[in-house]
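# Secondary and tertiary structure notes
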Amino acid sequence: MLSRFPFGDRGFESHPQRSLRESEAVINGAWPLTIELTKVNPDNIEEVLSNLVKWFHDNNVGERTIKDRITYSKRFLSWAEELSVDEAKRFLSQFDNPNTHNNALQALRFLFRFMNLPELPFKQKDGRPLGLIIAPKAESVLALIDSIEDIGVKTYLALCSTTGLRSQRIFKLTWDEINFDEGFIMPKNGNVRTKNYRPNPIHPIIVNLLQRLPRSSDKVFNFNEKRIRKAINEAERKLGFRITPCQLRDFFYNTARKIMDRDLVEYLMGHRLGIKEHYLADEVKAEYEKFIKAFPLNELV
C-alpha cells in the first residue's frame, strides 16, 4: 500500500463545496470527470514536488524514474489551471511521440495517485514499429567501428551493434555478467520495471575484443560517456556521417529480423512475448549463428 499525505496539505486548494462523501469518492477514484477537482497554487508547486519526491523515496522508486516523473509533473503543474482529468487529457495531447506521451502519462498517473485524485483513464500509445525501423547500413556500421582506435569504445559500439541489449545497459556491464565459456552476456536483475534484460550471445569476434580489455575494475567499460561521444564525434568528422549507440541497436534489430526467427529477435531485444518467453531461450544460440554469417566482422580481427 503506497503511503499518502493528507489531501489538504499539499499546496493546493480543495474544492470549496466538496462534502465528506465527495472527498471519499475522490480517494476511491470515483469522482465525476466533468467536475473541477482542485485549483493549482503556483506558489506551492515546489513544495508539492518536494513532497512527491519524498513519497517516491518512501516507496523505493529509482532515482532515474523519480527525475523523469518530477520533470513531467512540474511541467503539468506549471501549465494546468486545475487538477482535473480533462486538463490532463489536454496536456497529454501535446505529445505526438508515443514514448514521450507514455512517459508523461506515467508521471501524471503517479501525481494523481499522490494527490488522491481519480485514476487517469487513458491508454498508452503503441510505440512499437509496424515493420522494420530506419537503421544504418551494415557497411556504415562496419566503417564506424573500424575507424575507432580506442579499444574500449570500439568494443562497446561493437556490442551495441550485435546484441539486443539497450546501449545504457551494455555500458553498465560488469565482468561477472560475461560468460566467456558459453559466449553469452548474462545480465543480472533481468527484469527492471518495464525493461527486460535477457541473456544475449556474444559475437565471436567481440569475444576476442573483450579479452583484450584491461580489467582494472568490476565494470567492463571503465570510462565515462564523454569518451564515447568524443570518439563518435571524431569518427563523424572522418567518415562524414554519425551513428549513435541506439542506432546500432536498431541495426541489430533490422538485420536480425530479416534472417532470424522474429519472436526470438523480440526476445533478445527484451520485448514481452508472454508464454513464448519460456521456450525461446533454448533456440538462441542456433539462431544467432545466422546473424554471425550475415555480419561476420572479419574486418575487426
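As the structure is a prediction and not an experimental result, all values here were calculated from the model.

## Details of the confidence of the model for the protein chain
Looking at the protein chain as a whole, the pLDDT averages 83, with 81% of positions reaching at least 70. Of all secondary-structure elements in the protein chain, the lowest mean pLDDT belongs to helix 1 (residues 20–27), at 37, while helix 7 (residues 151–160) reaches the highest, 97. Across residues 1–37, confidence stays below pLDDT 50; counting only partners more than four residues off in sequence or on other chains, it has 73 contacts.

## What to know about the nonpolar core
The biggest cluster of nonpolar side chains holds 55 residues, and the ones touching the most others in it are Leu157, Leu159 and Phe221. Per-element accounting of this core gives the leading share, 6 residues, to helix 7. Excluding residues that lie within four positions of it along the chain, Phe221 makes contacts with Gly152, Thr155, Tyr156, Leu159, Ile170, Phe171, Leu173 and Leu213.

## Remarks on the packing of helix 7 against helix 11 (residues 245–259)
With their axes 7 Å apart at the nearest point, helix 7 and helix 11 run at an angle of 40° to one another. Compared by their axis directions, helix 7 and helix 11 come out oblique. Residues Tyr156, Leu157 and Cys160 of helix 7 form the contact with helix 11, whose participating residues are Pro245, Leu248 and Arg249. A class-by-class count of the residues in the contact of helix 7 with helix 11 yields 5 nonpolar, no polar and 1 charged.

## What to know about the environment of Tyr267
Looking at the secondary structure, you find Tyr267 in helix 12 (residues 262–269). Counting along the chain gives 13 residues from Tyr267 to Leu280, while the straight-line C-alpha distance between them is 7.4 Å.

## Observations concerning the packing of helix 2 (residues 45–58) against helix 5 (residues 98–114)
Their axes nearest at 11 Å, the elements helix 2 and helix 5 cross at an angle of 95°. Classified by the angle their axes make, helix 2 and helix 5 are roughly perpendicular. Judged by residue contacts, Val48, Asn51, Leu52, Trp55 and Phe56 of helix 2 engage Phe110, Leu111, Arg113 and Phe114 from helix 5. Considered class by class, the residues forming the contact of helix 2 with helix 5 number 7 nonpolar, 1 polar and 1 charged.

## Quick word on the side chain of Thr174
Mapped onto the elements, Thr174 comes out in the loop between helix 8 (167–171) and strand 4 (178–179). With relative accessibility at 17%, the residue Thr174 sits in the buried group. Within the local environment of Thr174, its side chain forms a polar contact with the side chain of Asp176, the two groups lying 2.5 Å apart. Each residue touching Thr174, except ones within four places of it in the same chain, is listed here: Lys188, Asp218, Lys219 and Val220.

## Digging into the environment of Ile70
Position of Ile70 among the secondary structure elements: in helix 3 (residues 63–79). Owing to a relative accessible area of 15%, Ile70 belongs among the buried residues under this scheme. With 17 residues separating them in the primary sequence, Ile70 and Val53 have C-alpha atoms 7.5 Å apart.

## Description of helix 14 (residues 284–294)
Taken residue by residue, helix 14 has Val284, Glu287, Tyr288, Phe291 and Ile292 as its buried positions. Buried residues of helix 14 fall within an arc of 160° about the axis and therefore sit on the same side. Opposite its buried face, helix 14 presents the exposed residues Ala286 and Lys293, each directed more than 90 degrees away.

## Points about the sheet that holds strand 5 (residues 184–185)
With respect to topology, 3 strands assemble into an open sheet ordered 4-5-8, the strand pairing being antiparallel. Across the chains shown, the open sheet's two edge strands, defined by having one partner strand only, are strand 4 and strand 8 (200–201). As paired strands, strand 5 and strand 8 are joined by 2 bridges and run antiparallel to one another. Paired with Ile185 across the strands is Asn200, a residue of strand 8.

## A word on helix 7
Counting buried positions along helix 7 gives 9 out of 10 residues, so the element sits mostly inside the fold. Every buried residue of helix 7 is accounted for by Gly152, Val153, Lys154, Thr155, Tyr156, Leu157, Ala158, Leu159 and Cys160. Those residues of helix 7 that are buried lie in contact with helix 6 (138–147), helix 8, strand 5, helix 9 (204–211), helix 10 (225–239) and helix 11. The N-terminus of helix 7 is capped by Asp150, whose side-chain oxygen sits 2.9 Å from the backbone nitrogen of Gly152.

## Here's the deal with the packing of aromatic side chains
Applying the stated criterion across every chain, the model contains 17 aromatic pairs. Ring geometry for Trp55 against Phe56: centres 5.7 Å apart, planes inclined by 45°, an arrangement best described as tilted. Like Phe56, Trp55 is buried. Here the aromatic rings of Phe76 and Phe91 are separated by 5.3 Å at their centres, their planes lie at 70°, and the arrangement is edge-to-face. Placement of Phe76 in helix 3 and of Phe91 in helix 4 (residues 85–92) is noted, with a sequence separation of 15 residues between them. With a relative accessible area of 0%, Phe76 lands in the buried category. Between Arg215 and the ring centre of Trp175, over which it is positioned, the NZ or CZ distance is 4.4 Å.

What counts and what doesn't
Residues numbered from 1 in each chain as written. Predicted model: local features only at pLDDT ≥ 70, side-chain atom pairs only at ≥ 80, totals over all residues. Heavy atoms only, no water. pLDDT = per-residue confidence, 0-100. Helix = DSSP H or I, 4+ residues; strand = E, 2+ residues; numbered from the N terminus. Contact = heavy atoms within 4.5 Å. Core = buried A, V, L, I, M, F, W, Y, C linked by side-chain atoms within 4.5 Å. Buried < 20%, exposed > 50% of the residue type's maximum accessible area, 1.4 Å probe, protein only. Axes fitted to C-alpha atoms, helices over the stretch in contact; angles between N-to-C directions. Parallel < 35°, antiparallel > 145°, perpendicular 65-115°, else oblique. Nonpolar A, V, L, I, M, F, W, Y, C, P; charged D, E, K, R; others polar. Polar contact = N/O pair within 3.5 Å; in protein donor to acceptor, adjacent residues only side chain to side chain. Arc of directions from axis to C-beta. Pairing = 2+ DSSP bridges. Phe/Tyr/Trp six-rings, centres within 6.5 Å; stacked < 30°, edge-to-face > 60°. Lys NZ or Arg CZ within 6 Å of the ring centre and 35° of its normal.

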